[in-house]
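Residue strings, one per chain:
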Amino acid sequence: MSALQNALENGIFGVTAEMAPPKGFDFTEQMEAAEVLRGKVHSINVTDMQSACLKASSLGLCAKLKLAGLEPIIQMTGRDRSRMAIMGEFLSAGAFGIDTMLALTGDHTVVGDCKASKPVFDLDSVGILKMLTKMEATNTDCGGNALTSTPHFYKGAAVTPVYDPVWLQINKLKKKVDAGAEYVQTQAMFSADALEDFMNLVAKENIKVHLMAGIIPLKAAGMAKYMNENVPGIAVPDAMIERLSAAAAEGKEKGVKGLPAKLGIEMAAELIAKIKDEKLCDGVHIMAIGAEKNVPIILEKAGIAL
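Here goes a summary of the coordinates provided. Small disclaimer: the values here were computed from a predicted structure and weren't measured.

## Here's the deal with the side chain of K176
At step 1: Along the chain, K176 turns up in helix α6 (residues 166-178).
At step 2: It turns out K176 is buried and unbridged, and the closest side chain with the opposite charge, D124, is 8.3 Å from it.
At step 3: With sequence-adjacent residues up to four places away left out, K176 is seen in contact with S125, V126, L129, A157, A158 and A181.

## Focus: the sheet that holds strand β3 (residues 72-77)
At step 1: Strand order in the closed barrel formed by 8 strands is β1-β2-β3-β4-β5-β6-β7-β8, with parallel pairing between adjacent strands. Each strand axis lies, on average, 30 degrees off the axis of its neighbour in the sheet, ignoring direction.
At step 2: Contacts from helix α2 (residues 28-37) reach β1 (14-19) and β2 (43-46) within the one sheet, and its direction differs from that of β1 by about 165 degrees.
At step 3: The strands touched by helix α10 (residues 259-277) within the sheet are β7 (210-215) and β8 (283-286), with β7 carrying the most contacts at an inclination of about 165 degrees.

## Notes on unusual backbone geometry
At step 1: The step from D164 to P165 runs through a cis peptide bond, and the omega angle for that step is 0 degrees.
At step 2: The topology assignment puts P165 in the loop between β5 (154-159) and α6.
At step 3: The phi angle at S51 is positive, at roughly 60 degrees, despite the residue not being glycine.
At step 4: Locating S51 in the fold gives a position in the loop between β2 and α3 (58-67).
At step 5: Residue classification places S51 among the partly exposed positions, given a relative accessible area of 35%.
At step 6: Positive phi is not limited to glycine here, since N139 has a value of about 55 degrees.
At step 7: Within the element layout of this structure, N139 appears in the loop between α5 (125-138) and β5.
At step 8: Exposure remark for N139: the relative accessible area of 38% places this residue in the partly exposed category.

Conventions used here
Residues numbered from 1 in each chain as written. Predicted model: local features only at pLDDT ≥ 70, side-chain atom pairs only at ≥ 80, totals over all residues. Heavy atoms only, no water. Helix = DSSP H or I, 4+ residues; strand = E, 2+ residues; numbered from the N terminus. Buried < 20%, exposed > 50% of the residue type's maximum accessible area, 1.4 Å probe, protein only. Lys, Arg positive; Asp, Glu negative; His and termini not counted. Salt bridge = Lys/Arg side-chain N within 4 Å of Asp/Glu carboxyl O. Contact = heavy atoms within 4.5 Å. Pairing = 2+ DSSP bridges. Axes fitted to C-alpha atoms, helices over the stretch in contact; angles between N-to-C directions.

Function-wise, these values are silent; they only describe arrangement.
Structure (structure tokens):
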């Protein structure tokens, strides 16, 4: 049983962080960041060519993390692989003892940095979950052929709570849970009230799944505005943007750099503490976007310790 599964299934507040593989083959920076996270989070998500940008594979970095005694979550999108290739990746993951996964459909290649790459989309996130669930139940591959050994995974998916109409996300969440998702990580949340509203809808629909709120520490008002305008499902409240702008103005006046980023860490910690104290959901997933060194600071300020 993975550390994340053990936590969530035993009522412990789950904590995960996220990192991206490098655009190259040298994993030194990622492994150094992972050491900072050791003992601070239950598992580390490794992205799968996020935003359709070419990087080393999720499996490669997951294997390095597992060999170092850490708990990786292999992310898998349907964008770049056929069902055969997806299952082959999971069989290899099982060989390294990787036992937790997250299924995603994936962004289209037209938004990425290798636009000539042909998208596959043989399976979406629901299809990936269904295939793994069937593999585990029948010990057969995607063609119905017997496997000599079958890995088992703690299966995850994603959801976007701030969405109009929100019922589309609720219906997708139902399908993912029915397909085998046991935990779900959300798109970044910046409002406890918005999270509570979504959790009430999940409860009303009697959807049984462990839900973890996505957290992105903001670095500046410009970053928040950009995400509001360009990232689906992101809604940074005006009050937060105003606080970041005020911090930037104060820093400029006093000749002090980095005040907005420090405030972003404080706001992330405040939200995490509120989520935990009010038991709004089962855990948090922190997406520090290259600043993994800040994750332990955020968790300490939020009063979270494993």
